[in-house]
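Examination of the molecular architecture
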Amino acid sequence: MKIHEFGEKKKPVILLLPGTVCYWKGNFGNVIDNLSKDFLVAAVAYTGFDETDTESYSSVTDELERIERYIKDHYDGKILAAYGSSLGGTFVAHLAARHHISMKYGIIGSSDLDQAGNMKATAMAKLMVIVTYNFIHTGHYNSKLMQKRYEKQMADPDPYNKAFVAITGRDKYDMSFITKNSLLNQFKSDLITPLPTGIDNGETQIHVFYAKKMGEKYLERYKKYFKDPIIHEQDMRHEELLGVYPEDWCKLVKEICIY
């Protein structure tokens, strides 16, 4: 696990946690400069998802322990805020629930918070590796049908399609360092790591960027897993605010993270 810092060390820390199969530069490349004017930005690269890593991703729990250890060693165990994009939102939830570090604001970005049993999670993870591995290494899908669909989406003028790929990092960066083992473990461990309900550590204020077009079942999940979350409803798709409207995303994050 690596953490890449931007900004002045005297400023309050905001931790940025990427989504599934995402390279941190792609996920947050459009917002780091803006955020670093007001915060010390700490962008997380999960184990196995940074080109300087020699290890593969193992589990959510191992990553949480690494992140918490880094915060304790480098920020005296305290950060102002953490924003989690998709999968990263699950990490924010776990950080709040575990309460091993001090965090004033936790922001959940379009996260699905899916949970599954071991057998189902294993099957789903293996399928996702089959679907994603070749694409992140070459930019092409093994399936002709999926490749044709992808090319059609990229030709569509809707900016969300290109932004969604850009968030992964695949449009600009070589991601061939990501192994099948890292992908499998990231997919599976996210599903099987139990997430407590009604999370409330008495300190962290939870904000949720609810992408309404994902469906109401996700709003129900947010209210299940967090006690009194502050919902920022957006008539958008998954992480559309971050991907298509980065300036608006930064403005909202700054409005939340008062210090």
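Before going into details, it helps to say that this report is about the structure given with it. Note that the structure is a prediction, hence the values are computed from the model and not measured. (Residues numbered from 1 in each chain as written. Predicted model: local features only at pLDDT ≥ 70, side-chain atom pairs only at ≥ 80, totals over all residues. Heavy atoms only, no water.)

**A word on the pattern of salt bridges**
Note the cut-off: A side-chain nitrogen of Lys or Arg and a carboxyl oxygen of Asp or Glu constitute a salt bridge if their distance falls within 4 Å. To sort residues, take the accessible area from a 1.4 Å probe on protein chains only and compare it with the maximum for the residue type: under 20% means buried, over 50% means exposed, and anything in between is partly exposed. Here a helix means four or more residues in a row that DSSP labels H or I, a strand means two or more in a row labelled E, and each is numbered from the N terminus.
Under the definition given, this model contains 13 salt bridges. The residue K9 makes a salt bridge to E5 at a minimum N-O spacing of 2.4 Å. The exposure class assigned to E5 is partly exposed, which follows from its relative accessible area of 25%. Measuring nitrogen to oxygen at the nearest pair gives 2.8 Å for the salt bridge that ties R237 to D158. Of this pair, R237 sits in the loop between β7 (230-234) and α10 (240-244) while D158 sits in the loop between α6 (144-155) and α7 (159-168), and the two are 79 residues apart along the sequence.

**Quick notes on the environment of M124**
Tracing the chain through its elements places M124 in helix α5 (residues 118-138). Spatially, the C-alpha atoms of M124 and K10 are 43 Å apart, while their sequence positions differ by 114 residues.

**Description of the layout of surface pockets**
The condition is simple: As defined here, a cavity is a set of points on a 1 Å grid over the protein atoms alone where a 1.4 Å probe fits but cannot get out. A pocket is an open set with protein on both sides within 12 Å along at least five of seven lines, and residues line them when an atom is within 4 Å of a point. Grid points are joined across faces, edges and corners, and a volume is the space filled by probe spheres set on the points. The residue classification treats Ala, Val, Leu, Ile, Met, Phe, Trp, Tyr, Cys and Pro as nonpolar and Asp, Glu, Lys and Arg as charged. All others, Gly included, are polar.
By volume, the largest pocket is sized at about 1300 Å³. Along the walls of the largest pocket sit 40 residues, with T20, M128, T132, F164 and H238 positioned nearest its centre. Of all the secondary structure elements, the ones that give two or more residues to the lining of the largest pocket are α4 (87-98), α5, α6, α7 and α8 (180-192). Ranked by residue count, the leading element in the lining of the largest pocket is α5, at seven residues. Taken together, the residues of the lining of the largest pocket break down into 22 nonpolar, 13 polar and five charged. In this structure, the second largest pocket occupies an estimated 300 Å³ of space. Forming the walls of the second largest pocket are 21 residues, and the residues nearest its centre are K25, G26, G29, N30 and K172. Listing elements by their share of the lining of the second largest pocket, those giving two or more residues are α1 (24-28), α7 and α10. Here the element with the most residues in the lining of the second largest pocket is α1; it accounts for five residues. Looking at the lining of the second largest pocket, its residues break down into 12 nonpolar, six polar and three charged.

**Here's the deal with the nonpolar core**
Operational definition: In these notes, a set of buried Ala, Val, Leu, Ile, Met, Phe, Trp, Tyr and Cys residues joined through side-chain atoms within 4.5 Å is what counts as a nonpolar core. Throughout, a residue-residue contact means that at least one pair of heavy atoms, one from each residue, lies within 4.5 Å.
Formed by 80 residues in total, the largest nonpolar core has its most connected members in L15, L17, W249 and C257. Apart from residues lying up to four places away in sequence, L15 is in contact with I3, A42, V44, I67, I71, I79, A81, A82, Y83 and L95.

**Points about the packing of α5 against α8**
Which entries qualify depends on this criterion: Fitted lines through C-alpha atoms give the axes, limited to the stretch in contact for helices. The angle between two N-to-C directions lies from 0 to 180 degrees. What makes a crossing left-handed is the near helix being turned counterclockwise from the far one by less than a right angle; a clockwise turn instead makes it right-handed.
As a packed pair, α5 and α8 sit with axes 8 Å apart at the nearest point and diverge in direction by 145 degrees. Between α5 and α8 the crossing geometry is right-handed. Residue-level inspection shows N118, A121, T122, M124, A125, K126, M128, V129, T132, Y133 and I136 of α5 in contact with α8, the latter providing K180, L183, L184, F187, K188, L191 and I192. Tallied by class, the residues present in the contact of α5 with α8 amount to 12 nonpolar, three polar and three charged.

**Examining the sheet that holds strand β4 (residues 78-85)**
For clarity, the threshold we go by: Any two strands with at least two DSSP-identified bridges between them are counted as paired.
Pairing in this open sheet of seven strands is mixed, and the strands run β1-β3-β2-β4-β5-β6-β7 from one edge to the other. The open sheet has two edge strands with one neighbour each: β1 (2-6) and β7. The average undirected angle you get between the axes of adjacent strands in this sheet is 20 degrees. Across five bridges, β1 lies against strand β3 (residues 40-45) in antiparallel orientation. Within the sheet, the bridge partner assigned to E5 lies in β3 and is A42.

**Structural notes on the pairing of β7**
Defined as follows: Think of it like this: strands point away, you trace from the first strand over the helix to the second, and a clockwise trace means the crossover is right-handed.
Bridge analysis of strand β6 (residues 205-211) against β7 gives five bridges, and the strand direction is parallel. Among the inter-strand pairings, F209 is bridged to a residue of β7, identified as H232. Considered for its hand, the β-α-β crossover made up of β6, helix α9 (residues 216-225) and β7 is right-handed.

Keep in mind these numbers describe shape, not what the thing actually does.
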